[in-house]
Amino acid sequence: AYNFSAGPAVLPEPVLRQVQAELLEWRDERASVMEVSHRGKAFVECAAEAERDLRELMAVPDDYHVLFLQGGATTLSALLALNLARADQTADFVLTGHWGEKALDNMKPSLQVNVAASGKAGGYTGIPPRGDWALTPGAAFLHYTPNETIHGVEFHDIPDAGDVPLVADVSSNFLSAPLDVSRFGVLYGGAQKNLGPSGLAIAIVRKDLLGRHGRELPPIFELLNQAKNDSMFNTPPTFAWYVLGLVLKWLRAEGGAAAMGERNRRKAANLYAAIDGSGGFYRNPVDPAARSWMNVPFFLPDEAREKAFLKEADAAGLLGLKGHRAVGGIRASIYNAMPEAGVQALVDFMADFARRNG
Ligand code: PLP
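All values derive from a computational prediction rather than experimental measurement.

### Brief notes about the overall build of the protein chain
- Within the protein chain, the secondary structure is distributed over nine helices and 13 strands.
- Over its C-alpha atoms the protein chain spans a radius of gyration of 21 Å, differing by no more than 12% from the 21 Å that the globule rule assigns to 358 residues.
- In terms of its C-alpha atoms, the protein chain occupies a principal-axis envelope of roughly 60 × 55 × 30 Å.
- Within the protein chain, the fraction of its 358 residues that count as buried is 45%.
- Put simply, 70% of the contacts in the protein chain that link residues at least 6 apart link residues at least 24 apart.

### What about the site of the ligand?
- Residues in contact with the ligand, as listed here, are Gly7, Gly72, Ala73, Thr74, Trp99, Thr145, Thr149, Asp169, Ser171, Ser172 and Gly190.
- The leading source of residues in the shell around the ligand is helix H3 (residues 72-84), at three residues.
- Considered class by class, the residues forming the shell around the ligand number two nonpolar, eight polar and one charged.

### Thoughts on the UniProt feature "domain: Aminotransferase class V" (unreviewed entry) in the protein chain
- Mapped onto this structure's residue numbering, the UniProt feature "domain: Aminotransferase class V" (unreviewed entry) falls at residues 2-346.
- In the segment residues 2-346, helix accounts for 33% and strand for 16%; the C-alpha atoms at its two ends are 9 Å apart.

### Looking at unusual backbone geometry
- Following Gly7, the chain continues into Pro8 via a peptide bond in cis, with omega recorded as 20°.
- In this structure, Pro8 sits in the loop between strand E1 (2-3) and helix H1 (13-22).
- In this structure, Leu175 takes a positive phi of about 55° despite not being glycine.
- Tracing the backbone through its elements, the reader meets Leu175 in the loop between strand E8 (166-169) and strand E9 (186-190).
- Within the chain, Ser231 stands out as a residue other than glycine whose phi angle is a positive 60°.

### Comments concerning helix H9 (residues 340-357)
- Here H9 is 18 residues long and its end C-alpha atoms lie 26 Å apart, about the 26 Å a rise of 1.5 Å per residue gives.
- Those residues of H9 that fall on the buried side of the exposure criterion are Val343, Leu346, Met350, Phe353 and Ala354. The arc that holds the buried residues of H9, viewed along the axis, is 100°, so those residues lie on one side. Turned more than 90 degrees away from the buried face of H9, the exposed residues are Ala341, Asp352, Arg355 and Arg356.
- Those residues of H9 that are buried are in contact with helix H7 (256-276), helix H8 (303-315), strand E12 (318-319) and strand E13 (330-333).

### Considerations on the UniProt feature "modified residue: N6-(pyridoxal phosphate)lysine" (unreviewed entry) in the protein chain
- In the numbering used here, UniProt assigns the feature "modified residue: N6-(pyridoxal phosphate)lysine" (unreviewed entry) to Lys193.
- Assignment of secondary structure puts Lys193 in the loop between E9 and strand E10 (201-206).
- Residue Lys193 is classed as buried on the basis of its 30 C-beta neighbours within 10 Å.
- Once residues within four sequence positions are removed from consideration, Lys193 is found in contact with Gly7, Ala9, Val10, Ser171, Ser172 and Tyr335.

### Quick notes on the environment of Pro219
- The residue Pro219 is located in the loop between E10 and helix H5 (223-228) in this model.
- A count of 11 C-beta atoms within 10 Å places Pro219 in the exposed class.
- Put simply, Pro219 and Phe233 are 14 residues apart on the chain and 9.1 Å apart in space, counted from C-alpha to C-alpha.

About the thresholds
- Along each chain, residue indices are assigned from 1 in the same order as the chain's sequence is written.
- Selection of residues for local features in this predicted model requires a pLDDT of at least 70, selection of side-chain atom pairs for listing and counting requires 80 or more, and totals for whole chains, interfaces and linings are taken over all residues.
- Strands here mean DSSP runs of E at least two residues long; helices mean DSSP runs of H or I at least four residues long; both are numbered from the N terminus.
- Radius of gyration: C-alpha atoms only; globule rule: 2.2 Å multiplied by the number of residues to the exponent 0.38.
- The exposure scheme places C-beta atoms from the backbone and then counts, for each residue, the other C-beta atoms within 10 Å of its own, assigning buried at 20 or more, exposed at 12 or fewer, and partly exposed in between.
- What counts as a contact here is a pair of residues whose C-beta atoms, placed from the backbone, lie within 7 Å.
- A residue counts as near a molecule or strand when its C-beta atom, positioned from the backbone, falls within 6 Å of it.
- Under this grouping Gly is polar, as are all residues other than the nonpolar Ala, Val, Leu, Ile, Met, Phe, Trp, Tyr, Cys and Pro and the charged Asp, Glu, Lys and Arg.
- UniProt positions are given in the numbering used here, feature names are shortened, and annotations may be inferred rather than shown by experiment.
- The span expected for a helix works out to 1.5 Å for each residue beyond the first.
- To obtain the arc, one takes the directions from the helix axis to the C-beta atoms.

Listed below in structure tokens is the structure:
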């Protein structure tokens, strides 16, 4: 079966097999990775290896912290608001879907916010034209969501915010293609979807941005404390961190971000061509310039046929295609772990279904 679920996680099969093989006895520990101390040599090495691999795969410059945290992207957005700005500073937001709105809600209690642009009026089917963004001069940061998982809207370039640090939630497009980390103040996201099981969130933070917020924070909310303690200020999610490490090794073996980007571009092109070439049977409402390579929502002529599509697809081994309840329809999530053969199987199924039901 091919898993088109939006997550929590969709992981490469070889990684899942390795986890299964090592579950009872990990390395030379005679115990499971879940049972050994996070301060012991074996786990500390495993954690450091994952950080090294992530830094190498994303070419993270030395002046960035890489933090491994808990609470998902949602908690992290709230922590970033507390850590990156004083309460009287303004953060700008560009909203292109549900998750940008949610980040705004989580950040709003901790600083001043300005919605510089929003695609809401257009049903989140594109990126508001750059010329219309009402940016705040000297803002603490500009927050946006490079890939909106539910609406299927993705930036294929990096917006220019001048000297204002960009803070980007890359939960659903982490390492899906090469990205110039040095253009960002912060890249963050839940590790689930592209990088590992849920339970782990990752923040790549330019070092000079931390410790300037002027607030008294509980020590556990102070990201500098995590940075100073190699993300082990408290017990980290060790199992998720270990699986992340395996996914990163798989990514390296597959050719890294460049190879992923090429593969993901081909996968998306194949699927959108099937939608656009269906004579209107399938329909994706997103501006072609902003179509996501990771999450592809589409609709059939009516709900009855969508229901039949989902049922037959599942029986054919094409899983997890139901659209998010906020937008309905179908959604094919085609993260890094989805092979090209999986997308081809979906495309073939779509053609056959349209022939029989058009
Ligand atoms: N941001 C994006 C882009 C997402 O896709 C998701 C989850 O799907 C989230 C944030 C929420 O992440 P979490 O559940 O880890 O808080």
